[in-house]
Amino acid sequence: MADMTENQMFNLLLADISMAAAISTAGSSFSAPANYAPGAIRDTWLADVSDEVLKRRVLALANAGLASLQGVDAEQLLRAAKRYGVPVDAALADRIVEFFTDKRQALLRYRR
């Protein structure tokens, strides 16, 4: 498999953070895999849970959380990542925030 692009990696990292938050909010549990890879929390939990209603609820919450995480600052992102065991350090948090800020700015320039 080819290496992930920044877009793919950053979205999967944010998806894992938002998924972990949604899982906790819904009263379920998860454990971060020992050999973490971006997207692992989301994929592992979805594979392990058979309750379709719970899955839909968690996915709805996670999707909203993902959109929200794309607009937070690096400090908030770092706190959320640490809280849910997603390996993001300060430098990576800065890169992720810059990536999504640049993406929003490009869209705004395009719409003018």
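Before any of the text, the structure's been laid out above.
Just so it is clear, the structure is predicted and the values come from calculations on it, not from any experiment. (Residues numbered from 1 in each chain as written. Predicted model: local features only at pLDDT ≥ 70, side-chain atom pairs only at ≥ 80, totals over all residues. Heavy atoms only, no water.)

## So, helix α2 (residues 40–48)
Looking only at α2, the buried set comprises A40, I41, W45 and L46. Buried residues belonging to α2 abut α1 (6–25), α3 (52–69) and α4 (74–84). (Buried < 20%, exposed > 50% of the residue type's maximum accessible area, 1.4 Å probe, protein only. Helix = DSSP H or I, 4+ residues; strand = E, 2+ residues; numbered from the N terminus. Contact = heavy atoms within 4.5 Å.)

## Some remarks on the packing of α2 against α3
Close contact between α2 and α3 brings their axes to 10 Å; oriented N to C, the two are set at 160°. Between α2 and α3, the interaxial angle falls into the category roughly antiparallel. As α2 runs across α3, the sense of the crossing is left-handed. Here α2 contributes R42, W45 and L46 to the contact with α3, which in turn contributes L54, K55, V58 and L59. (Axes fitted to C-alpha atoms, helices over the stretch in contact; angles between N-to-C directions. Parallel < 35°, antiparallel > 145°, perpendicular 65-115°, else oblique. Left-handed = near helix turned anticlockwise from the far one by under 90°.)

## Points about the layout of surface pockets
Counted as a void, the largest pocket has a volume near 180 Å³. The wall of the largest pocket is formed by 13 residues, among which I17, A21, L69, A80 and Y84 lie closest to the centre. Elements with a minimum of two residues in the lining of the largest pocket: α1, α3 and α4. Ranked by residue count, the leading element in the lining of the largest pocket is α3, at five residues. Among the residues making up the lining of the largest pocket, the classes are represented as nine nonpolar, three polar and one charged. (1 Å grid on protein atoms, 1.4 Å probe; cavity = no way out; pocket = protein on both sides within 12 Å on 5 of 7 lines; lining within 4 Å. Points joined across faces, edges and corners; volume = space filled by probe spheres on them. Nonpolar A, V, L, I, M, F, W, Y, C, P; charged D, E, K, R; others polar.)

Any link to function would need more than the numbers given here.
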